[in-house]
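This is what each chain is made of:
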Amino acid sequence: MGCPNLILILTDHFRPDAVGRHTPVLQRLAADGVSFANAYCASPLCQPSRASLVTGLFPSQHGVCGNQSEPIAAAEQADTFMQHLRRAGYATAMIGKHHYLDRYGIGMDVTDDDEAVRAYGFETVCQVVDDGENVHNDDEYTRFLAAGGRLEAFRTACREGAWRCDPHPFGEEDTVDGFIGRRGVEFVRSQPIDRPFYLNLSFVGPHPPYWHPGEGEVDTAGIAPPEGSADSPATRRRRAHYRERCSRIDRCIGRLLAALGERGL
């Protein structure tokens, strides 16, 4: 028996209680596998928590204790678990949000940092930043939109309506999470059968903004009131948008599993 293929799927702001009837793929994975009901992240912030994931160290050990911090030291970058997988013969890929570096509030093309991300142990890198950050930064998603002549329409919609939960200007497949999911499927389909792979597929949702693709409103039926804060139609609408974004990511994961099944993986 050969080495197993490994896939680490990350999301941002995905509450444990968001897994339910609106996320049937995740429910099925949990039912067929092992669910760690008492697992805790090393930090409530992105950059230190993600640095802990790849190093196995607490923030107090690797030194990244908040967002907008310097990255982990070069010696620790050379000792991530991805580096160990590469030395064991794995193809390694980072697709989506990584947050190992955090300097994207200044207006840049984050793909200029591809080599810096590869230094963590990745052969394939496809960097994507959060909705909102992609209004003033470029990444693989904005390149995709620009190639189709839709970047300015996206940025205008994001500036004017994303934070009000207005409809997304494109269909589900062309949202940022849809793009990340599709690139993950493409990676799986491109890998040779005789070489194991590690894929870190990292969605930016359900981090706000909570806009949704398509016309019309999201369905607020069955949305529970918030605990510990005032209830209102606007609050339930935002909670419905959040649920919908979790469902979109669930469908992306379903397409990834289907691609694995097509190849007998």
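Going by the structure above, here's the rest.
Let me begin by describing the structure that accompanies this report. (Residues numbered from 1 in each chain as written. Predicted model: local features only at pLDDT ≥ 70, side-chain atom pairs only at ≥ 80, totals over all residues. Heavy atoms only, no water.)

**Looking at the overall build of the protein chain**
Which entries qualify depends on this criterion: Secondary structure elements follow DSSP: runs of H or I of four or more residues count as helices, runs of E of two or more count as strands, with numbering from the N terminus. Taken over C-alpha atoms, the radius of gyration is set against a globule rule of 2.2 Å times the number of residues to the power 0.38. Throughout, exposure labels follow a simple rule: accessible area from a 1.4 Å probe, protein chains only, divided by the maximum for the residue type, with under 20% read as buried, over 50% as exposed, and the rest as partly exposed. The criterion used for residue contact is that any of the two residues' heavy atoms lie within 4.5 Å. Computed with a 1.4 Å probe, the accessible areas rest on the Shrake-Rupley method; for each residue, only the protein chains presented here act as cover. Positive charges come from Lys and Arg, negative ones from Asp and Glu, while His and the chain ends are left out of the count. Charged side chains are reduced to one point each, which is NZ for Lys, CZ for Arg, CG for Asp and CD for Glu.
Along its length, the protein chain carries 10 helices and 6 strands. Since a compact globule built from 265 residues should have a radius of gyration of about 18 Å, the 19 Å found for the protein chain is in line with a globular shape. The dimensions of the protein chain, computed from C-alpha atoms along their principal axes, are 55 × 45 × 40 Å. Across the 265 residues in the protein chain, those meeting the buried criterion constitute 48%. Within the protein chain, counting contacts between residues at least 6 apart in sequence, those at least 24 apart form 69% of the total. Here the protein chain has roughly 13100 Å² of accessible surface; of this, 54% comes from carbon and sulfur atoms. Of note, the protein chain has its 28 positive side-chain charges centred 3 Å away from the centre of its 36 negative side-chain charges.

**Some details on the environment of Phe-81**
Within the secondary structure layout, Phe-81 lies in helix α5 (residues 81-87). When the C-alpha atoms of Phe-81 and Gly-214 are compared, they prove to be 40 Å apart, with 133 residues separating the residues in sequence.

**Let's talk about the sheet that holds strand β3 (residues 124-127)**
Selection rule: When DSSP finds two or more bridges between two strands, those strands count as paired. Lines are fitted to the C-alpha atoms to define the axes, a helix being fitted only along its stretch in contact, and any angle between axes, read from their N-to-C directions, falls within 0 to 180 degrees.
A sheet is described by the order of its strands in space; here 4 strands give the open sequence β1-β5-β2-β3, paired in parallel fashion. The open sheet is flanked by β1 (6-12) and β3, the only strands paired with a single partner. When the angles between neighbouring strand axes are averaged without regard to direction, this sheet yields 10°. As paired elements, strand β2 (residues 91-96) and β3 share 4 bridges and run parallel to each other. By the bridge assignment, Met-94 is partnered in β3 with Val-125. Together, β1 and β5 (197-206) form the strand contacts of helix α2 (residues 46-55), whose direction differs from that of β1 by roughly 165°.

**Here we look at the environment of Ala-93**
Among the structural elements, Ala-93 can be located in strand β2. C-alpha separation for the pair Ala-93 and Gln-83, spaced 10 residues apart in sequence, amounts to 11 Å. With near-sequence residues (within four places) excluded, Ala-93 lies in contact with Phe-122, Thr-124, Phe-187, Tyr-198, Leu-199 and Asn-200.

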